[in-house]
Amino acid sequence: MSDIVKEFNDYRSKMNDEILADNNKVIKRIFNLDTNAYAEGALDVKTKELLGLVASAVLRCDDCIKYHLETSHKLGLKKEEVVEALSIATLVGGTIVIPHLRRAYEFWDALESNN
(Lines give C-alpha, C1' and ligand atoms only; values in the text may rest on other atoms or scores of the structure.)
Protein backbone atom coordinates (compact mmCIF):
# COMPACT_ATOMS: atom_id res chain seq x y z
CA MET A 1 0.00 0.00 0.00
CA SER A 2 1.25 3.46 -0.88
CA ASP A 3 2.66 5.38 2.06
CA ILE A 4 0.25 8.31 1.70
CA VAL A 5 -2.74 5.98 1.67
CA LYS A 6 -1.47 3.94 4.62
CA GLU A 7 -0.54 7.04 6.63
CA PHE A 8 -3.95 8.58 6.03
CA ASN A 9 -5.83 5.41 6.99
CA ASP A 10 -3.71 4.73 10.07
CA TYR A 11 -4.09 8.29 11.36
CA ARG A 12 -7.81 8.43 10.60
CA SER A 13 -8.45 5.11 12.33
CA LYS A 14 -6.38 6.01 15.39
CA MET A 15 -8.00 9.40 15.85
CA ASN A 16 -11.54 8.13 15.19
CA ASP A 17 -11.02 5.49 17.88
CA GLU A 18 -9.78 8.15 20.28
CA ILE A 19 -12.66 10.52 19.50
CA LEU A 20 -15.32 7.83 19.82
CA ALA A 21 -13.78 6.53 23.06
CA ASP A 22 -14.84 9.79 24.74
CA ASN A 23 -18.41 8.55 24.31
CA ASN A 24 -19.85 11.95 23.41
CA LYS A 25 -23.45 11.43 22.28
CA VAL A 26 -23.47 14.32 19.78
CA ILE A 27 -20.22 13.27 18.11
CA LYS A 28 -21.35 9.63 17.94
CA ARG A 29 -24.62 10.70 16.35
CA ILE A 30 -22.79 12.83 13.77
CA PHE A 31 -20.52 9.87 12.88
CA ASN A 32 -23.60 7.63 12.61
CA LEU A 33 -25.47 10.16 10.48
CA ASP A 34 -22.47 10.45 8.18
CA THR A 35 -22.29 6.67 7.77
CA ASN A 36 -26.02 6.31 7.11
CA ALA A 37 -26.17 9.22 4.67
CA TYR A 38 -24.00 7.27 2.23
CA ALA A 39 -26.09 4.09 2.36
CA GLU A 40 -28.09 2.92 -0.66
CA GLY A 41 -31.29 4.88 -1.07
CA ALA A 42 -33.02 6.79 -3.85
CA LEU A 43 -29.46 7.50 -5.04
CA ASP A 44 -27.00 4.66 -5.46
CA VAL A 45 -23.87 4.53 -3.28
CA LYS A 46 -21.50 5.48 -6.12
CA THR A 47 -23.46 8.66 -6.86
CA LYS A 48 -23.50 9.58 -3.19
CA GLU A 49 -19.72 9.12 -2.98
CA LEU A 50 -19.23 11.41 -5.98
CA LEU A 51 -21.52 13.99 -4.37
CA GLY A 52 -19.48 13.74 -1.18
CA LEU A 53 -16.29 14.12 -3.19
CA VAL A 54 -17.55 17.24 -4.95
CA ALA A 55 -18.77 18.82 -1.72
CA SER A 56 -15.47 17.99 -0.01
CA ALA A 57 -13.44 19.54 -2.81
CA VAL A 58 -15.54 22.71 -2.86
CA LEU A 59 -15.18 22.95 0.93
CA ARG A 60 -11.45 22.25 0.52
CA CYS A 61 -11.28 19.39 3.02
CA ASP A 62 -8.31 17.23 2.00
CA ASP A 63 -9.11 14.51 4.55
CA CYS A 64 -12.67 14.29 3.23
CA ILE A 65 -11.44 14.23 -0.36
CA LYS A 66 -9.08 11.35 0.46
CA TYR A 67 -11.85 9.43 2.22
CA HIS A 68 -14.26 9.80 -0.71
CA LEU A 69 -11.55 8.98 -3.24
CA GLU A 70 -10.66 5.76 -1.45
CA THR A 71 -14.30 4.76 -1.05
CA SER A 72 -14.95 5.57 -4.73
CA HIS A 73 -11.94 3.46 -5.69
CA LYS A 74 -13.17 0.54 -3.56
CA LEU A 75 -16.61 0.83 -5.19
CA GLY A 76 -14.99 0.44 -8.61
CA LEU A 77 -15.45 3.94 -9.95
CA LYS A 78 -13.20 4.70 -12.89
CA LYS A 79 -10.70 7.55 -12.91
CA GLU A 80 -12.70 9.21 -15.68
CA GLU A 81 -15.79 9.32 -13.45
CA VAL A 82 -13.85 10.71 -10.52
CA VAL A 83 -12.10 13.32 -12.67
CA GLU A 84 -15.42 14.43 -14.14
CA ALA A 85 -16.82 14.93 -10.65
CA LEU A 86 -13.68 16.82 -9.62
CA SER A 87 -14.02 19.00 -12.71
CA ILE A 88 -17.49 20.06 -11.51
CA ALA A 89 -16.06 20.76 -8.05
CA THR A 90 -13.33 22.93 -9.58
CA LEU A 91 -15.85 24.78 -11.70
CA VAL A 92 -18.14 25.44 -8.73
CA GLY A 93 -15.36 26.12 -6.22
CA GLY A 94 -13.12 28.13 -8.50
CA THR A 95 -9.36 28.22 -8.85
CA ILE A 96 -8.86 27.99 -5.08
CA VAL A 97 -9.79 24.31 -5.43
CA ILE A 98 -6.85 23.58 -7.78
CA PRO A 99 -4.33 22.76 -4.98
CA HIS A 100 -6.83 20.23 -3.62
CA LEU A 101 -7.32 18.88 -7.14
CA ARG A 102 -3.56 18.28 -7.35
CA ARG A 103 -3.55 16.37 -4.08
CA ALA A 104 -6.64 14.41 -5.19
CA TYR A 105 -4.83 13.29 -8.35
CA GLU A 106 -1.80 12.28 -6.29
CA PHE A 107 -3.96 10.27 -3.86
CA TRP A 108 -5.91 8.57 -6.69
CA ASP A 109 -2.63 7.60 -8.36
CA ALA A 110 -1.48 6.12 -5.04
CA LEU A 111 -4.73 4.14 -4.78
CA GLU A 112 -4.31 2.81 -8.31
CA SER A 113 -0.67 1.88 -7.71
CA ASN A 114 -1.86 -0.49 -4.97
CA ASN A 115 -3.73 -2.67 -7.49
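Details of the structure are given in the entry above.
## Some points on the nonpolar core
Counting 19 residues, the largest nonpolar core has Leu53, Leu69 and Val82 as the members making the most contacts within it. Counting only elements with at least two residues in this core, the list comes to helix H1 (3–21), helix H3 (45–59), helix H4 (62–74), helix H5 (79–93) and helix H6 (98–113). If you tally residues by element for this core, the top one is H6, at five residues. Apart from residues lying up to four places away in sequence, Val82 is in contact with Leu50, Leu53, Leu69, Ser72, Leu77 and Trp108.

## Overview of the pattern of salt bridges
By the definition in use, this model includes four salt bridges. Note that Arg103 is salt-bridged to Asp62, the shortest N-O span being 2.7 Å. In this pair, Arg103 is assigned in helix H6 and Asp62 in helix H4, connecting sequence segments 41 residues apart. Lys74 is paired through a salt bridge with Glu70; the nearest N and O atoms lie 3.8 Å apart. Of this pair, Lys74 and Glu70 both sit in helix H4, separated by four residues, roughly a single helical turn. According to the relative accessible area criterion, Lys74 is exposed, its value standing at 66%.

Rules used in this analysis
Residues numbered from 1 in each chain as written. Predicted model: local features only at pLDDT ≥ 70, side-chain atom pairs only at ≥ 80, totals over all residues. Heavy atoms only, no water. Core = buried A, V, L, I, M, F, W, Y, C linked by side-chain atoms within 4.5 Å. Buried < 20%, exposed > 50% of the residue type's maximum accessible area, 1.4 Å probe, protein only. Helix = DSSP H or I, 4+ residues; strand = E, 2+ residues; numbered from the N terminus. Contact = heavy atoms within 4.5 Å. Salt bridge = Lys/Arg side-chain N within 4 Å of Asp/Glu carboxyl O.

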